[in-house]
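Spelled out, the chains give:
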Amino acid sequence: MQIARFETGHKGDILTLDIFGDWTARHVGGIDAALRKFADKTIGRELIINLKEMKGLDTAGAMMIQRTFHSCQDRTHKSAIVGAEPGQESLLRQVLGHLEPCQIDPPQDSPFVTMLYRTGAGVSGVYYSTLELLNFIGLTLVTMMKVMVNPRRWRLASIAHHMEETGLNAVPIVGLMSFLIGAVVAFMGAKVLQQFNAQVFVVELVGIAVLREFGVLLAAILTAGRSGSAFTAQIGSMKIREEIDALRVLGLDPVEVLIVPRTIALVIMLPVLSFLAAALGIIGGGLAAWATMDISPALFMARTQEMVVLDNFWAGIIKAPFFAFVIAVIGCFQGMEVEGSAESLGQRTTLSVVQALFLVIVLDAFFAMFFLELNF
Amino acid sequence: MTKETAIIQGQNASSDQVSDQLSRAEHDHIIEVRGLRNQFGNFIVHDELDLNVRRGEIIGVVGGSGTGKSVLMRSIIGLKRPSKGIVKIFGHDFYGASSKEKIGIEQRWGVLFQGGALFSSMTVAQNVMAPLRAHLHLPDELARDIAALKISMAGLPPESGDKFPSELSGGMKKRAGLARALALDPEMVFLDEPTAGLDPIGAAQFDDLIVNLRNTMGLTVFMVTHDLDSLHAACDRIAVLSDKKVIVNGPIDEVRKLDHEWIQRYFSGPRGRAAVVAKDPNHVEDFKEKRSVIA
Ligand SMILES: Nc1ncnc2c1ncn2[C@@H]1O[C@H](COP(=O)(O)OP(=O)(O)O)[C@@H](O)[C@H]1O
Ligand SMILES: [Mg+2]
């Protein structure tokens with residue numbers, strides 16, 4: 001292995017370039033800039049490149065030599081590349097037709113234009129993506145209706161599969177999280193209520209908070225993170241590999257085959273998960289109350305039954321199917337929007353979770369206001 | 001004076017030296033596979049498979065679909081650990097090598113996967129520059145020039161450099177994958193069905209390119225292919241994969257004469273005969289006899 005280097009000189013008015021060492025991709029990095037400078041100086045002059053002392057040569061080195069030799073169009077027969085071994089010579093000949101530069105990066109405008117473009121695209125994107133999302137929601141609903149009236153088109157196997165994936169497999173995590181949240185609410189509540197000597201109201205606190213809000217919200221948030229993102233990734237990678245197109249040309253409607261079963265499965269399973277979350281939240285709260293304030297489980301349950309009526313439970317659980325629908329539709333919609341690259345898949349998956357969470361919280365706020373007006 | 005003739009022959013290497021190198025190369029195995037077994041669960045793909053590849057040769061691997069050509073390639077390049085047997089490449093046991101050795105080995109080969117396996121979030125040229133950026137500290141300008149060279153040599157027009165893989169046709173993806181495989185000027189390339197999806201003109205150019213690179217740089221080529229023209233035009237030796245083994249590994253004329261059912265059906269089908277005629281019209285008679293013997 002020898003360092004690549006070169007020496008320049010002249011014989012009369014003919015410039016000379018003597019090449020030394022290994023001219024391979026591994027070794028030529030350091031001399032590229034100097035060689036370019038030299039090539040600029042040779043313009044309009046004759047040049048003899050001498051390869052006698054050269055050791056190794058690969059296509060990168062050959063390209064650099066030919067590039068230098070042809071940096072000027074009007075060299076005459078006085079110019080030459082001399083001293084090449086036969087193998088090196090054919091390598092030099094081989095790269096000759098391929099010296100044209102090519103575009104490397106995707107075309108880009110000036111930063112200012114790009115900024116304007118991105119601002120505009122962002123603004124109009126909000127409008128159009130909202131429109132498209134609404135369009136997609138409509139499409140899903142219509143397809144769901146069509147499927148409903150025709151039991152032969154119910155894809156029970158697919159629905160069951162997704163119920164297992166999104167519901168059953170989420171039970172441990174949803175249960176654990178809501179148990180802990182219930183306990184935390186009880187702890188924090190106990191601290192404040194103690195100051196008023198009203199510890200026993202911790203039962204109402206836990207009951208109302210968990211049944212109305214935390215249970216369903218926690219289940220929805222975990223589902224958006226677990227299943228919404230999974231829907232986007234599944235459908236998105238099918239999109240990239242042209243599987244969605246394959247479905248279409250087989251006469252199958254991707255909305256019916258892929259999206260409706262996922263949506264139905266989630267709409268069924270999220271209320272179940274919410275129920276589980278509510279139950280475990282209350283258990284967690286009860287145990288925490290027992291541990292910190294000596295409120296016995298029997299007393300806790302009795303007060304829960306007495307004070308926290310079924311209304312609170314319904315006020316929570318009624319929201320679950322709506323949340324589920326939003327999560328499923330957003331997940332599938334973002335999956336269908338994936339274009340071409342793995343990067344796009346990643347962006348869409350992120351977007352799917354963020355949008356689903358955002359809409360779930362907004363929807364929850366609407367429900368809260370709605371119930372407030374109704375005194376529910 | 002035209003550019004093409006600008007090279008003036010200089011000092012020649014003595015011809016003795018060249019032939020000496022060749023005879024040494026004869027016995028210099030760049031890949032040695034011994035007693036290889038590959039399985040997925042209970043499904044055995046290879047068993048007791050042996051294969052040698054010599055330095056500087058173009059070996060064509062053929063076999064029916066699903067006989068494990070791609071799996072063989074993957075286990076040689078370190079992507080599928082065999083359940084038994086030894087795989088040696090450049091004299092190293094890849095699966096026993098330290099991670100530093102592995103990086104050294106990996107820079108010495110280039111791989112073209114069956115589906116191209118281009119990075120989808122990069123343009124074609126960025127794909128080709130990826131190995132350059134990863135392993136060599138080159139000035140950006142030079143890396144760009146090298147990328148342009150490889151793209152052009154692989155037969156892509158310069159304007160495809162800034163296209164993303166999702167904007168390319170299947171054949172163009174293959175070419176871009178080849179350009180990436182050749183980016184570091186490797187000693188050895190692995191090509192999985194390189195000419196599948198190329199038009200016949202492109203496929204012939206591809207064969208020329210491979211043979212040229214072998215002749216000029218001593219490139220060793222491991223090529224899985226079903227392209228009978230490629231086998232005739234480019235390959236020095238053919239390894240036939242059947243019954244979980246390499247049943248024969250030799251020059252095409254020898255392989256063709258072998259009395260094995262699959263080999264005979266492979267080479268003496270209408271496509272096989274057409275490829276022979278294309279290579280050398282004199283072979284026609286020979287083949288007719290052969291067929292009548294089998295029939
Ligand atoms: N990841 C895998 N898991 C299980 N089986 C596989 C896997 N990859 C390949 N196979 C099986 O190994 C066999 C050989 O596959 P492959 O090498 O891709 O065939 P080909 O010779 O057409 O390239 C096939 O029967 C295939 O089903
Ligand atoms: Mg294969």
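Anyway, here's the lowdown on the structure attached to this text. (Residues numbered from 1 in each chain as written. Chains lettered and ligands numbered in written order. Predicted model: local features only at pLDDT ≥ 70, side-chain atom pairs only at ≥ 80, totals over all residues. Heavy atoms only, no water.)

### Some details on the overall build of chain B
- A tally of helices and strands in chain B yields 12 helices and 11 strands.
- Expressed as a percentage of the 295 residues in chain B, the buried residues total 49%.
- For chain B, restricting intrachain contacts to residue pairs at least 6 apart in sequence, the fraction spanning at least 24 positions comes to 64%.
- Summing over all exposed atoms, chain B offers an accessible surface of approximately 13700 Å²; the carbon and sulfur share of this is 50%. (Helix = DSSP H or I, 4+ residues; strand = E, 2+ residues; numbered from the N terminus. Buried < 20%, exposed > 50% of the residue type's maximum accessible area, 1.4 Å probe, protein only. Contact = heavy atoms within 4.5 Å. Areas by Shrake-Rupley, 256 points an atom, 1.4 Å probe, with all protein chains shown as cover.)

### Some thoughts on the coordination of the magnesium ion (ligand 2)
- Taken together, B:Ser70 (OG) and B:Gln114 (OE1) make up the full set of protein donors to the magnesium ion (ligand 2), lying 2.1 to 2.5 Å away. Of this pair, B:Ser70 sits in helix H2 (residues 69–76) while B:Gln114 sits in the loop between strand S7 (109–112) and helix H4 (124–135), placing them 44 residues apart in sequence. (Donors = N, O, S within 2.8 Å, 3.2 Å for Na, K, Ca; no water.)

### Things to note about the environment of B:Ala147
- Assignment of secondary structure puts B:Ala147 in helix H5 (residues 140–153).
- Residues B:Ala147 and B:Met129, spaced 18 residues apart in sequence, show a C-alpha to C-alpha distance of 5.9 Å.
- In this view, B:Ala147 contacts A:Ile104, B:Ala125, B:Val128, B:Met129 and B:Leu132; residues no more than four positions away in its chain are not counted.

### So, the interface of chain A and chain B
- Listed per partner, the contact involves 49 residues of chain A and 45 residues of chain B.
- Summed over both partners, the interface of chain A with chain B comes to about 4000 Å²; 61% of that surface belongs to carbon and sulfur atoms.
- It is A:Gln94, A:His98 and A:Ile104 that lose the most area in chain A upon contact with chain B, and together they represent 16% of the buried surface on that side.
- Applying the counting rule to chain A against chain B returns four salt bridges.
- Between A:Arg36 and B:Glu141 there is a salt bridge, and its shortest N-O distance comes to 3.2 Å.
- In this assembly, chain A and chain B are joined by 14 residue pairs in polar contact (both at pLDDT 80 or more).
- A total of nine residues in the side of chain A that touches chain B trace back to one element, the largest contributor, which is helix H3 (residues 86–95) of chain A.
- Considering only residue class, the side of chain A that touches chain B consists of 21 nonpolar, 16 polar and 12 charged. (Buried area = accessible area lost by both parts, 1.4 Å probe. Salt bridge = Lys/Arg side-chain N within 4 Å of Asp/Glu carboxyl O. Polar contact = N/O pair within 3.5 Å; in protein donor to acceptor, adjacent residues only side chain to side chain. Nonpolar A, V, L, I, M, F, W, Y, C, P; charged D, E, K, R; others polar.)

### Section: the sheet that holds S7(B)
Residues and elements named next belong to chain B.
- Here we have six strands laid out as an open sheet, ordered S7-S8-S9-S4-S10-S11, and mixed in their pairing. Two strands lie at the open edges of the sheet, namely S7 and strand S11 (245–250), each paired on one side alone. Each strand axis lies, on average, 15° off the axis of its neighbour in the sheet, ignoring direction.
- Across five bridges, strand S10 (residues 237–242) lies against S11 in antiparallel orientation. Directly across from Ala-239, in S11, lies its bridge partner Asn-249. (Pairing = 2+ DSSP bridges. Axes fitted to C-alpha atoms, helices over the stretch in contact; angles between N-to-C directions.)

### Comments concerning a nonpolar patch on the surface
Residues and elements named next belong to chain A.
- A contiguous nonpolar patch, built from Leu-310, Trp-314, Phe-370, Leu-374 and Phe-376 and spanning about 540 Å² of accessible area, is present on the exposed surface.
- Elements represented by at least two residues in the nonpolar patch include exactly helix H11 (310–317) and helix H13 (342–374).
- Here Trp-314 is to be found in helix H11.
- Residue class for Trp-314 comes out partly exposed when judged on its relative accessible area of 43%. (Patch = residues over 30% accessible without salt bridge, like charges linked within 9 Å, V, L, I, M, F, W, Y side chains within 5 Å.)

### Here we look at the packing of aromatic side chains
- Counting across every chain of the model gives 15 aromatic pairs over all chains.
- Taking 5.0 Å as the distance between ring centres and 75° as the angle between the ring planes, the aromatic pair formed by A:Tyr127 and A:Tyr128 counts as edge-to-face.
- Owing to a relative accessible area of 48%, A:Tyr128 belongs among the partly exposed residues under this scheme.
- When the centroid spacing of 6.1 Å and the interplanar angle of 45° are considered together, the rings of A:Phe370 and A:Phe371 count as tilted.
- Overall, the relative accessible area of 48% leaves A:Phe370 in the partly exposed class.
- A:Phe371 gets classed as buried once you look at its relative accessible area, which sits at 8%.
- An aromatic cluster is present here, built from A:Phe322, A:Phe323, A:Phe367, A:Phe370 and A:Phe371 joined pairwise through their rings.
- Lying across the ring of A:Phe20, A:Arg5 places its NZ or CZ 4.3 Å from the centre.
- Positioned over the ring face of B:Phe119 is B:Arg180, at 4.6 Å from the centre of the ring. (Phe/Tyr/Trp six-rings, centres within 6.5 Å; stacked < 30°, edge-to-face > 60°. Lys NZ or Arg CZ within 6 Å of the ring centre and 35° of its normal.)

### Focus on empty space enclosed by the protein
- The tally for this structure, following the rule as stated, stands at three cavities of 30 Å³ or more.
- As a volume, the largest cavity reaches approximately 50 Å³.
- In this structure, the largest cavity is lined by A:Thr59, B:Lys150, B:Met153, B:Leu182, B:Asp185, B:Pro186, B:Leu213, B:Met217 and B:Leu219.
- Counting residues per element, the ones that place at least two in the lining of the largest cavity are H5 and helix H7 (200–217) of chain B.
- Taken together, the residues of the lining of the largest cavity sort by class into six nonpolar, one polar and two charged. (1 Å grid on protein atoms, 1.4 Å probe; cavity = no way out; pocket = protein on both sides within 12 Å on 5 of 7 lines; lining within 4 Å. Points joined across faces, edges and corners; volume = space filled by probe spheres on them.)

This is a description of form; function is not addressed.
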